[in-house]
Amino acid sequence: WTIFIGLCIVIRVLFLGISWTSYFAIIFSLHQFFLLYTSIGYIIPVRYLFGTFMCLQFFIGPTLAYNGLDQYQYKLYKMQIGEAEYFAYAIPAVISFILGLHIRAGNLNGETINQKGIRDFVKINPKLPYIFIILGFFSSILSEFFSSELAFVFYVLGSFKFIGLFLLIMSDSQLKLAPLVLVVGSIIVSSLGNGMFHDLLTWLIFLGAVYAIKYQPGNNIKLIASAGFVFLSVVIQQLKGDYRSATNVQGQTGGIETFTKTYEAKSEKNSLFSFESLAPSNVRINQGFIITNIMKTVPDRVPYSNGVEMRQVLEAAILPRFLAPNKLNAGDREIFIKYSGIKLRSGTSMALSSLGDAYLNFGIFGGAVFMFCLGLFYSLVLNLFHKRSIKQPVLTLFSCILFYYPIRPDCELQTILGHLVKSAFIILAMVYFWKNIFRDQSKMTAEPQPLALN
């Protein structure tokens, strides 16, 4: 708290020109970042990742845009309404969402790890972690050969390789290098291959969280690791546009060599951390510019949906295609263009986001209420897995699979909820049909009381 309050004072003194709404957005975001940092070593921080990413994309990105970066930005990607008007919706909506996440969270249910229970599980099933890694590795390959509906099953199963790695980390035996290289190497190769790095960064966070729970690194190690991760994230954000251009347009082979060449070219121009270079990168963390386009369009040009669009979203998330053949597709351009007013070029993909869907359906006040309910829903899912983890402690690790996609605020709500519903079904079906492995451990080991975090 001393460090946090000190930083609040320093930021206010150094940036006297920013408005009080921007200052509040920065301070609230800083608080969420601190909560995420201090939670490392105690929990798998799903709720704090939600809060951090929401603040990053709806508070920090817009604040940077309003306070200088928009002057270097292409007109389409600038904030379309005034700062006070935007934050009058964004601040209550994001805070309501975070309150919903925590109001029924208990002692961060669904995020605390029963280490003894997981160690006992691995002792009883010593081959299972390796089975998960092999299953995940081949499922990731197979997912490329199927249509979207069936590919998703293999996509979720592909994430089992991380659960296998987590089980090896949490077990009593020493972690071998080969599984770590195989799992982390596979996500690095796939990220470089398709030019999409969010999965890499998210799984590195979860991997670091599990590792920290097991080995309890000191504060110096946490600081170094956090600084390294932030630097890696910034570099990736700065380079991925040029990297995708090199691989998709210029025809260069995706890989470390091309990524290194892109980094060197950017460094030679001294533009890696210039304002002109930061402005395009800020678009990738500034989901607020889409929200301002929605608020400019609705209700002046397009009336509020009043729940009609939300019903389409829920239908797409819950019902399978054979029951709802006309349901929304992932990346539905028609809905996005209608409510944002942004004309998308071919090959460009953007999403309204949960905050945007909430506003276009229910307005400012109703949107904040919806965001509270959405956060509460995510928390209830975590609570459900917490209750199941009393009998099967290993299930807490599967919360990473459930939420590694939903924690992205820049994605479509129907895709986020669809991922959550379908992956939960796959995981619970696995537990049901694999009863001999996922047996009731509640009588064999008592669940420890986790540390409370304020």
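Residues numbered from 1 in each chain as written. Predicted model: local features only at pLDDT ≥ 70, side-chain atom pairs only at ≥ 80, totals over all residues. Heavy atoms only, no water.

Time to look at the overall build of the protein chain. Secondary structure assignment for the protein chain yields 19 helices and zero strands. Expressed as lengths along the three principal axes of its C-alpha atoms, the size of the protein chain is roughly 60 × 50 × 50 Å. Taken over 454 residues, the protein chain has a buried fraction of 53%. When the 36 basic and 24 acidic side-chain charges of the protein chain are each reduced to a single mean position, those positions are 6 Å apart. (Helix = DSSP H or I, 4+ residues; strand = E, 2+ residues; numbered from the N terminus. Buried < 20%, exposed > 50% of the residue type's maximum accessible area, 1.4 Å probe, protein only. Lys, Arg positive; Asp, Glu negative; His and termini not counted. Charge placed at Lys NZ, Arg CZ, Asp CG, Glu CD.)

In terms of nonpolar packing, the biggest core is built from 122 residues, with Phe59, Phe166, Tyr378, Leu397, Phe398 and Phe403 touching the most fellow members. Looking at this core element by element, the count peaks at eleven residues for helix H17 (residues 353-391). When sequence neighbours within four positions are dropped, the list of residues in contact with Leu397 reads Ile44, Ile113, Ile118, Ile163, Phe166, Leu167 and Val210. One finds Cys8, Ile11, Tyr23 and Ile60 within the second-largest nonpolar core, a separate group that totals nine residues. (Core = buried A, V, L, I, M, F, W, Y, C linked by side-chain atoms within 4.5 Å. Contact = heavy atoms within 4.5 Å.)

Let us now look at the environment of Lys435. Within the element layout of this structure, Lys435 appears in the segment after helix H19 (413-433). We classify Lys435 as exposed; its relative accessible area is 51%. Taking the C-alpha atoms as reference points, Lys435 and Ala246, 189 residues apart in sequence, are found 49 Å from one another.

Looking now at H17. The end-to-end C-alpha distance of H17 is 36 Å, clearly below the 57 Å that 39 residues give at a rise of 1.5 Å each. Maximum bend of H17: about 125°, positioned at Gly363. (Expected span 1.5 Å × (residues − 1). Bend = angle between axes of the 7 residues up to and from the residue.)

Residues that lie three or four places apart on an α-helix share one face, since the helix turns once every 3.6 residues. Considered for burial, the residues of helix H16 (residues 333-340) that qualify are Ile335, Phe336, Tyr339 and Ser340. In an axial view of H16, the angular spread of the buried residues amounts to 105°, which keeps them on one side of the axis. At the exit of H16 stands Gly341, carrying a positive phi of roughly 75°. (Arc of directions from axis to C-beta.)

Before going further, it helps to spend a moment on a nonpolar patch on the surface. Residues Ile134, Phe138, Ile141, Leu142, Phe145, Phe146, Leu150 and Val153 make up a contiguous nonpolar surface patch of roughly 740 Å² in combined accessible area. Those elements that place two or more of their residues in the nonpolar patch are helix H6 (128-142) and helix H7 (148-158). Ranked by the residues each element gives to the nonpolar patch, the list is headed by H6, at four residues. Its place among the elements puts Ile141 in helix H6. (Patch = residues over 30% accessible without salt bridge, like charges linked within 9 Å, V, L, I, M, F, W, Y side chains within 5 Å. Areas by Shrake-Rupley, 256 points an atom, 1.4 Å probe, with all protein chains shown as cover. Salt bridge = Lys/Arg side-chain N within 4 Å of Asp/Glu carboxyl O.)

On to the packing of helix H15 (residues 308-318) against H19. One way to put it is that H15 packs onto H19 with a least axis distance of 8 Å and a crossing angle of 35°. When the axes of H15 and H19 are compared, the crossing they make is right-handed. Taking contact as the criterion, the partners of Met310, Val313, Leu314, Ala316 and Ala317 in H15 are, on H19, Leu413, Gln414, Leu417, Gly418 and Val421. When grouped by side-chain class, the residues that make up the contact of H15 with H19 number eight nonpolar, two polar and no charged. (Axes fitted to C-alpha atoms, helices over the stretch in contact; angles between N-to-C directions. Left-handed = near helix turned anticlockwise from the far one by under 90°. Nonpolar A, V, L, I, M, F, W, Y, C, P; charged D, E, K, R; others polar.)

Okay, unusual backbone geometry next. In this structure, the amide linkage connecting Val298 to the following residue, Pro299, adopts the cis form with an omega of 5°. Residue placement: Pro299 occurs in the loop between helix H14 (288-297) and H15. With phi around 55°, Leu108 is a residue other than glycine that occupies positive phi space. Position of Leu108 relative to the elements: it lies in the loop between helix H4 (83-103) and helix H5 (115-124). Overall, the relative accessible area of 7% leaves Leu108 in the buried class.

Next up on the list: the packing of H14 against H16. The interhelical angle for the contact between H14 and H16, taken along N-to-C directions, is 65°, at an axis separation of 7 Å. When H14 is examined against H16, the residues Ile290, Asn293, Ile294 and Thr297 are found in contact with a partner set consisting of Phe336, Lys338, Tyr339 and Ser340. Residues that form the contact of H14 with H16 fall into these classes: four nonpolar, three polar and one charged.

Looking now at the pattern of salt bridges. A full pass over the atoms with the stated rule returns six salt bridges. We note a salt bridge from Arg408 to Asp410, for which the minimum N-O separation is 3.7 Å. Within this structure, Arg119, Lys123 and Asp172 form a network of salt bridges that share partners.

This part covers the environment of Ile390. Along the chain, Ile390 falls in helix H17. Judged by relative accessible area, Ile390 falls into the partly exposed class, the value being 40%. Taking the C-alpha atoms as reference points, Ile390 and Ile44, separated by 346 residues in sequence, lie 16 Å from one another.

For Thr52, the location among the structural elements is in helix H3 (residues 46-66). Not counting residues within four places of it along the chain, the set of residues in contact with Thr52 comprises Gln32, Phe33 and Leu36.

This structure, assessed with the given rule, holds 36 aromatic pairs. With a centroid separation of 5.5 Å and an interplanar angle of 70°, the aromatic rings of Phe50 and Phe97 are classed as edge-to-face. Of this pair, Phe50 sits in helix H3 while Phe97 sits in helix H4, and the two are 47 residues apart along the sequence. Between Phe362 and Phe370, the ring centres sit 5.8 Å apart and the planes meet at 35°, which makes this aromatic pair tilted. When its relative accessible area of 35% is taken as the criterion, Phe362 is described as partly exposed. (Phe/Tyr/Trp six-rings, centres within 6.5 Å; stacked < 30°, edge-to-face > 60°.)

Residue position: Phe87 is located in helix H4. Taking the C-alpha atoms as reference points, Phe87 and Pro409, separated by 322 residues in sequence, lie 17 Å from one another. Those residues in contact with Phe87 that lie beyond four places of it in its chain are Thr21, Ser22, Ala25, Phe58, Phe59, Pro62, Thr63, Tyr66 and Pro92.

Looking now at the confidence of the model for the protein chain. Of all residues in the protein chain, 93% attain a pLDDT of 70 or more, and the chain-wide mean is 88. When mean pLDDT is taken per element in the protein chain, H4 scores highest with 97 and helix H13 (residues 275-285) scores lowest with 71. (pLDDT = per-residue confidence, 0-100.)

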